[in-house]
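Chain residues, written in single-letter form:
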Amino acid sequence: MNKIMVTEASLPNFEKYCEKIKLVWDNHWLTNNGILHNELTEKIKEYLKIDNITLFTNGHLSLEMGLQLMNFPRGSEVITTPFTFVSTTHAIARNGLIPVFCDINPDDYTMDVKKIESLITDKTVAIMPVHVYGHVCDVEAIEKIAKCHNLKVIYDAAHAFGVTYKGKSVASYGDLSMFSFHATKVFNTIEGGALVYSNPEYSETLNQLKNFGITDYERVDYIGGNAKMNEFQAAMGLCNLEELNDNITKRRKLVELYNELLSTINGIKFNEIQENVVSNYAYYPIVVLDEYGLNRDELYELLKTYNIYSRKYFYPISNEFECYKNCKGLTPIAKDISERVITLPLYSNLGEENVRKICKVIERRQ
Ligand SMILES: *Cc1c(COP(=O)(O)O)cnc(C)c1O
């Protein structure tokens, strides 16, 4: 029996990729602002209709350097969500900052904006929400709170490449937004990431931070790192970007089929696309309610017996990990969702027959 994995990386046509990387051999230029790197920068700007972007070797280091750019005093607090990939929380902590956890909405799993203000102290410097599964945070309420308390807003938009809210890229909101181009994401550059921002002055410093903090030939002003995107990554990005819209359309059709087939099953909750949002159909999370009969772990194991590999994504939540369990903030809803959520297989070539098979197992409960 063939295994159905939770995801499968999008790969472009092999010859097309070879054609792209031929340029690397022609130029003997592998990394450090190469031609393909610069071309991808421009192509993504066009695709997202945004003005400023800096590419990185992965999403996590983008986030770390985005925070470093802000130059917050060590020990400052950043309000964030525990219902995320632990990278979000690590980026805060690795900058010497303290994560403070805010609970999430029970419907779309993004940060519950009603709970942000009670967490603000005189040490708070920023809010770092996550557009989790590509669900858009309440960006307007967050902006209001941030303005009122003079806080920066840095979005982890790792899941939200191509998602728009009110006709604009989600990355148009906040001071910075991070995208991940990891192999498992909707758009990949093998490994890769980017920061998008509205302040054009960030660009120079970010380019320096990702190149060891070097500001000139004989001058280093920042304690930077190495987080440059290389030409092979950029070539993959250029090829994949051309196929992205088709891939998203394929994903949309599969999601619509999932919705149709699961809507008749008692105790399985799935998400409708939010108002004013165009989705990228990155993930297909479902929440297992008590009425379903089996609990989440039982469903996860049942699917496995049919060679269907779903993921408990996100479980456990960040504030249950050893390194964060003493952090501030009560998050009972995030905990409850994390114990009920499963992301089902979703990728552009999954095929309708596999969606039907998965839904049949969920429906039979055995
Ligand atoms: C993938 C991911 C990251 C990290 O991105 P990488 O490109 O893998 O470094 C951060 N946050 C979230 C929510 C992610 O899903």
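Model, not experiment: these values are computed from the prediction. (Residues numbered from 1 in each chain as written. Predicted model: local features only at pLDDT ≥ 70, side-chain atom pairs only at ≥ 80, totals over all residues. Heavy atoms only, no water.)

A.B. asks: Give a detailed account of the nonpolar core, specifying residues and quantitative values.
C.D. replies: Here is a general trend for soluble globular proteins: nonpolar side chains tend to be buried in one another's company. Of all hydrophobic cores here, the largest spans 97 residues; its most connected members are Phe83, Leu262 and Ile362. Formed jointly, this core draws a minimum of three residues from each of two domains, domain 1 (14-238) and domain 2 (243-364). Beyond its immediate sequence surroundings of up to four residues, Phe83 is in contact with Ile104, Tyr109, Val132, Tyr133, Phe314, Ile317, Ala334, Ile337, Ser338 and Val341. Of all hydrophobic cores here, the second largest spans 24 residues; its members include Val125, Met128, Leu195 and Leu206. (Core = buried A, V, L, I, M, F, W, Y, C linked by side-chain atoms within 4.5 Å. Buried < 20%, exposed > 50% of the residue type's maximum accessible area, 1.4 Å probe, protein only. Domains from an automatic or database assignment. Contact = heavy atoms within 4.5 Å.)

A.B. asks: Report on a nonpolar patch on the surface, specifying residues and quantitative values.
C.D. replies: Together, Phe212, Ile214 and Val220 make up an exposed nonpolar region whose accessible area comes to about 270 Å². Secondary-structure assignment places Phe212 in the loop between helix H6 (202-209) and strand E10 (214-216). (Patch = residues over 30% accessible without salt bridge, like charges linked within 9 Å, V, L, I, M, F, W, Y side chains within 5 Å. Areas by Shrake-Rupley, 256 points an atom, 1.4 Å probe, with all protein chains shown as cover. Salt bridge = Lys/Arg side-chain N within 4 Å of Asp/Glu carboxyl O. Helix = DSSP H or I, 4+ residues; strand = E, 2+ residues; numbered from the N terminus.)

A.B. asks: Go over the site of the ligand with me, naming the residues and quoting the values.
C.D. replies: Among the 16 residues in the neighbourhood of the ligand, the closest are listed as Gly59, Asp156, His159, Ser180 and Lys185. At 2.7 Å, a side-chain N or O of Ser180 approaches an oxygen atom of the ligand. A distance of 3.1 Å separates an oxygen atom of the ligand from a polar side-chain atom of Lys185. About the coverage of the ligand: the protein hides 94% of its 370 Å² of free accessible area. Those elements that provide at least two residues to the shell around the ligand are helix H3 (59-70), helix H4 (87-93) and strand E8 (176-180). A per-class count over the shell around the ligand returns four nonpolar, ten polar and two charged. (Near = heavy atom within 4 Å. Polar contact = N/O pair within 3.5 Å; in protein donor to acceptor, adjacent residues only side chain to side chain. Nonpolar A, V, L, I, M, F, W, Y, C, P; charged D, E, K, R; others polar.)

A.B. asks: I'd like to hear about the sheet that holds strand E15 (residues 341-344), residue by residue, with values.
C.D. replies: Spatially, the three strands line up as an open sheet ordered E12-E14-E15, and their pairing is antiparallel. Each edge of the sheet is formed by a strand with only one pairing partner; in this case those strands are strand E12 (268-270) and E15. Ignoring which end each strand starts from, the neighbouring axes of this sheet average 35° apart. With four bridges joining them, strand E14 (residues 284-288) and E15 adopt antiparallel strand pairing. Its bridge partner being in E15, Tyr284 is matched across the sheet by Leu344. Contacts between helix H7 (residues 231-262) and the sheet are confined to E12, E14 and E15, with E14 contributing the most and set at about 20° to the helix. Against the sheet, helix H9 (residues 332-340) makes contact with E14 and E15, and its axis sits at roughly 50° relative to E15, the strand it touches most. (Pairing = 2+ DSSP bridges. Axes fitted to C-alpha atoms, helices over the stretch in contact; angles between N-to-C directions.)

A.B. asks: An account of the packing of helix H1 (residues 14-27) against H7 is needed here, citing residue identities and associated values.
C.D. replies: Across the interface, H1 lies against H7 with an axial gap of 9 Å and an inter-helix angle of 145°. In terms of crossing hand, the pair formed by H1 and H7 is right-handed. Taking contact as the criterion, the partners of Lys16, Tyr17, Lys20, Ile21, Val24 and Trp25 in H1 are, on H7, Glu231, Phe232, Ala235, Met236, Leu238, Cys239, Glu242 and Glu243. Of the residues belonging to the contact of H1 with H7, the class tally is nine nonpolar, no polar and five charged. (Left-handed = near helix turned anticlockwise from the far one by under 90°.)

A.B. asks: Go over the domain arrangement of the protein, please, and point to the residues and values.
C.D. replies: With domains assigned, the protein is organised as domain 1 (14-238) and domain 2 (243-364). One C-alpha centre belongs to domain 1, the other to domain 2; they are set 25 Å apart. Across the contact, 40 residues belong to domain 1 and 38 residues belong to domain 2. Between domain 1 and domain 2 the total buried area reaches about 3300 Å² when both faces are included, carbon and sulfur atoms providing 60% of it. It is Phe101, Tyr133 and Val186 in domain 1 that bury the most area against domain 2; as a group they hold 21% of the surface buried on that side. (Buried area = accessible area lost by both parts, 1.4 Å probe.)

A.B. asks: Help me get a handle on the pattern of salt bridges, residues and values and all.
C.D. replies: Applying the stated criterion to the full structure yields 22 salt bridges. The partner of Lys16 in a salt bridge is Glu242, and the shortest N-O contact between them spans 2.9 Å. One end of the pair, Lys16, is in helix H1; the other, Glu242, is in helix H7, and 226 residues separate them in sequence. Owing to a relative accessible area of 26%, Lys16 belongs among the partly exposed residues under this scheme. Of the residues examined, Glu242 reaches a relative accessible area of 52% and is grouped as exposed. Residue Glu256 pairs with Arg252 through a salt bridge whose shortest N-O separation is 3.3 Å. Here Glu256 pairs with Arg252, and both are found in helix H7, just four residues apart, close to one helical turn. The class for Arg252 is partly exposed, based on a relative accessible area of 31%.

A.B. asks: Quick rundown of the side chain of Ser169? Include the residues and the values.
C.D. replies: Its place among the elements puts Ser169 in strand E7 (residues 168-169). If we skip the residues at most four places from it in the chain, Ser169 touches Leu48, Ile50, Val163, Thr164 and Phe179.

A.B. asks: Account for the environment of Ser10, naming residues and giving values.
C.D. replies: Summarising the element assignment, Ser10 is placed in the segment before H1. The buried category is assigned to Ser10, whose relative accessible area is 11%. A sequence separation of 176 residues divides Ser10 from Val186, and the C-alpha atoms of the two residues are 7.7 Å apart. When neighbours within four sequence positions are excluded, Ser10 is seen to be in contact with Val186, Asn188, Asn240, Asn247 and Ser348.

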